[in-house]
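# Architecture and fold: a report
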Amino acid sequence: MISIKNGDGIRWPEGKRIAVMLTFDFDAELLRHSVIGKKNIGFADRSRGQYGTADGLERCVSMLERLRVPATFFIPGQIFEMYPEAVRKIAALGCEIGYHGYDHDHTVGIPEAQEMENLEKSEKLIQACCGKKPVGARGPLDVLQEYSAELLKKRGYLYDSTLKDCDWPYLLPNGLVELPTDVACDDFSYFYFSYADEATINCSYLPDEVRIFWQDAYDELAAEGDKVFVLKLHPQLIGRVSRIRMLEQFILYMQQSGAWIASCHDVAAYVKAFYEGKEGEAK
Ligand SMILES: [Zn+2]
């Protein structure tokens, strides 16, 4: 199959201007593990991640309920074992759940057999929680292995949402749909703070500053017409009070300005059908 990029213009359902996906990487303390290393993680670091399983998640869930918008959660398998109640809450909301590694290991070069084990373990946990196997994946800390696309395809996945090469969805050479993200649309880029790393990382932007970045990008992409806007969020970062309020206002803005807000699964299925139909026409 040839790789098709949508430079020739995908049209969204019902004349919508842009496809928006609200995605939450529900990593709890595994996020801090990944960034500062398992050996360095202390109680306070752990508790920062745990904020995302308590107040942080609570606010995200109530916001999604209030707005009645679909969302996709990418969750490492181990989180299902550590926080069964929290993941049940996400599943009860009817949100899509995607694969995000087992223990959020982002080492480049994990042997394929080990990654296969991670997938098998995590898929069982996801299925037991929400009754469905995942159809989408995102690499932990945005790391994909050389073999990932093939492995996901073999295991029946429909899409990946990790790469950053463009603003439109496309088919990888093996037919897997790619829903690209952008670090500028990731709350980690603005709200992560650490003095435990080699150099202090201090990303403490005002929520309204971030809204300006996001809204500008959204407006421009919506004007181009054939683009996706994938917000990548972490309940432990976006779930703080003033940030969730900003996110809610921003989602309302997108709802009112012609966005198709859908799960990654729904967008990927639409993209695949659109391009495969187009490929058929060309034959
Ligand atoms: Zn993650």
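These numbers were taken from a predicted model, which means no experiment stands behind them.

Okay, the packing of helix α9 (residues 207-224) against helix α11 (residues 241-256) next. In contact at an axis separation of 10 Å, α9 and α11 are set at 25° when each is read in the N-to-C sense. The orientation of α9 relative to α11 falls into the category roughly parallel. As α9 packs across α11, the resulting crossing turns out to be right-handed. When α9 is examined against α11, the residues Pro207, Asp208, Val210, Arg211, Trp214, Gln215, Tyr218 and Asp219 are found in contact with a partner set consisting of Ser242, Arg243, Met246, Leu247, Gln249, Phe250, Tyr253 and Met254. Here the contact of α9 with α11 is built from residues that sort into 9 nonpolar, 3 polar and 4 charged.

Our focus in this paragraph is the pairing of strand β2 (residues 72-75). Burial along β2 is two-sided: Thr72 and Phe74 facing one way and Phe73 and Ile75 facing the other are all buried. As judged from the 3 bridges shared by strand β1 (residues 18-25) and β2, these two strands associate in the parallel manner. Bridge pairing in β2 places Thr23 opposite Thr72. Here β2 pairs with strand β3 (residues 96-99) via 4 bridges, running parallel. By the bridge assignment, Ile75 is partnered in β3 with Tyr99.

Another aspect to go through is the coordination of the zinc ion. For a metal with four tetrahedral donors the ideal donor-metal-donor angle is 109.5 degrees, whereas six octahedral donors ideally subtend 90 or 180 degrees. Donor atoms from the polypeptide that coordinate the zinc ion comprise Asp27 (OD), Asp27 (OD), His100 (NE2) and His104 (NE2), at 2.1 to 2.7 Å from the metal. Given 4 donor atoms and angles of 51 to 129° at the metal, the environment of the zinc ion is assigned as irregular. Linear spacing of the donor residues for the zinc ion on their chain is D-x72-H-x3-H. In this pair, Asp27 is assigned in the loop between β1 and α1 (30-36) and His100 in the loop between β3 and α6 (112-130), connecting sequence segments 73 residues apart. Given the relative accessible area of 1%, Asp27 is considered buried.

All chains considered together, the criterion is met by 17 aromatic pairs. Taking the centre distance of 6.1 Å and the plane angle of 75° together, the rings of Tyr205 and Phe213 count as edge-to-face. Judged by its relative accessible area of 36%, Tyr205 falls in the partly exposed class. We classify Phe213 as partly exposed; its relative accessible area is 40%. Among the aromatic residues, ring-to-ring pairing joins Tyr190, Phe191, Tyr205, Phe213, Trp214, Tyr218, Phe229, Phe250 and Tyr253 into one connected group. Above the plane of the ring of Tyr102 lies Lys121, whose end atom (NZ or CZ) is 3.9 Å from the centre. The lysine or arginine in question, Arg240, covers the ring of Tyr51, its NZ or CZ lying 3.4 Å from the ring centre.

A word on α6. In this model α6 runs 26 Å from its N-terminal to its C-terminal C-alpha over 19 residues, within 8% of the 27 Å that 1.5 Å per residue would give. Within the sequence span of α6, burial applies to Glu115, Asn118, Leu119, Ser122, Glu123 and Ile126. Buried residues along α6 cover an arc of 125° about the axis, so they all sit on one side. Turned more than 90 degrees away from the buried face of α6 sit Ala113, Lys124 and Ala128, all of them exposed.

Looking now at the nonpolar core. If you look at soluble globular proteins, the nonpolar side chains tend to sit buried side by side. By size, the foremost hydrophobic cluster in this structure holds 48 residues, and its most contacted members are Leu22, Phe24, Phe73, Trp214, Phe229, Leu231 and Met254. Those residues within four positions of Met254 in sequence are excluded, and the remaining contacts are Val20, Leu22, Tyr218, Phe229, Leu231, Ala259 and Ile261. Counting 21 residues, the second-largest nonpolar core is a separate cluster that includes Ala19, Leu158, Val267 and Tyr275.

In this section: the pattern of salt bridges. Enumeration according to the criterion identifies 14 salt bridges in this entry. Overlapping salt bridges bring together Asp25, Arg138, Asp142, Lys164, Asp186 and Lys232 as one network.

Here we take up the confidence of the model for the protein chain. Mean pLDDT over the protein chain works out to 92, with 94% of the residues at or above the 70 mark. Note on residues 1-6: pLDDT under 50 across the span, and 20 contacts to partners over four residues away in sequence or across chains.

Within the secondary structure, Thr181 sits in the loop between β7 (177-178) and α8 (188-191). By relative accessible area, Thr181 is classed as buried at 5%. Within the structure, the side chain of Thr181 is placed 2.7 Å from the side chain of Lys164, a separation counted as a polar contact.

All told, the structure shown has 0 disulfides when counted by the stated rule. Here Cys129 stays free of any disulfide, with the sulfur of Cys130 as its closest cysteine sulfur at 5.6 Å. On the basis of relative accessible area, Cys129 is assigned to the partly exposed category, the value being 22%.

The next point concerns the environment of Ile10. Along the chain, the position of Ile10 falls in the segment before β1. Sequence-wise, Ile10 and Asp226 are 216 residues apart; in three dimensions their C-alpha atoms are separated by 5.1 Å. Excluding its chain neighbours within four sequence positions, the residues that come into contact with Ile10 are Gly225, Asp226, Tyr270, Val271, Phe274 and Tyr275.

Reading the values: the criteria
Each chain carries its own residue numbering, running from 1 in the direction its sequence is written. Given that this is a predicted model, residues contribute local features only at a pLDDT of at least 70 and side-chain atom pairs are listed and counted only at 80 or more, while totals for whole chains, interfaces and linings are drawn from all residues. To obtain the side-chain values, all non-hydrogen atoms of the structure were included, while hydrogens and water were left out. Lines fitted to the C-alpha atoms define the axes, with helices restricted to the stretch that makes contact. Angles between their N-to-C directions range from 0 to 180 degrees. Secondary structure counts use DSSP, requiring at least four H or I residues in a row for a helix and at least two E residues in a row for a strand, with both numbered from the N terminus. Any angle that is under 35 degrees is reported as roughly parallel, and any over 145 degrees as roughly antiparallel; angles of 65 to 115 degrees are reported as roughly perpendicular and all others as oblique. With the far helix as reference, a near helix turned anticlockwise by less than a right angle produces a left-handed crossing, and one turned clockwise produces a right-handed crossing. In what follows, a contact means two residues having at least one pair of non-hydrogen atoms within 4.5 Å. Side-chain classes follow a simple rule in which Ala, Val, Leu, Ile, Met, Phe, Trp, Tyr, Cys and Pro form the nonpolar group, Asp, Glu, Lys and Arg form the charged group, and the remainder, Gly included, forms the polar group. Three labels apply to residues, based on accessible area from a 1.4 Å probe with only protein chains included: buried if under 20% of the type maximum, exposed if over 50%, partly exposed otherwise in between. Note on pairing: two strands pair once DSSP finds at least 2 bridges between them. In this analysis a donor is any N, O or S atom within 2.8 Å of a metal ion (3.2 Å for sodium, potassium and calcium), and since water is not included, sites may seem incomplete. A four-donor site is called tetrahedral if each angle lies between 85 and 135 degrees; a four-donor site is square planar, and a six-donor site octahedral, when trans pairs exceed 155 degrees and the remaining angles lie between 65 and 115; all other cases are labelled irregular. Classification of ring pairs rests on two measures: the distance between centres of Phe, Tyr or Trp rings, Trp counted by its six-membered ring, which must be within 6.5 Å, and the angle between planes, read as stacked under 30 degrees, edge-to-face over 60 and tilted in between. Charge-over-ring contacts are defined here by two conditions on Lys NZ or Arg CZ: a distance within 6 Å of the ring centre and an angle within 35 degrees of the ring normal. A helix is expected to span 1.5 Å for every residue after the first. The arc in question is the one traced by the directions running from the helix axis out to the C-beta atoms. Residue types Ala, Val, Leu, Ile, Met, Phe, Trp, Tyr and Cys, when buried and joined through side-chain atoms within 4.5 Å, form a set referred to as a nonpolar core. A pairing counts as a salt bridge when a side-chain nitrogen of Lys or Arg comes within 4 Å of a carboxyl oxygen of Asp or Glu. pLDDT measures how confident the predictor is about each residue, on a scale from 0 to 100. Whenever two N or O atoms come within 3.5 Å, that pair is a polar contact, provided that in protein one can donate a hydrogen and the other can accept it, and provided that, for residues adjacent in sequence, both atoms are side-chain atoms. To count as a disulfide, a pair of cysteine sulfur atoms needs to be within 2.5 Å.

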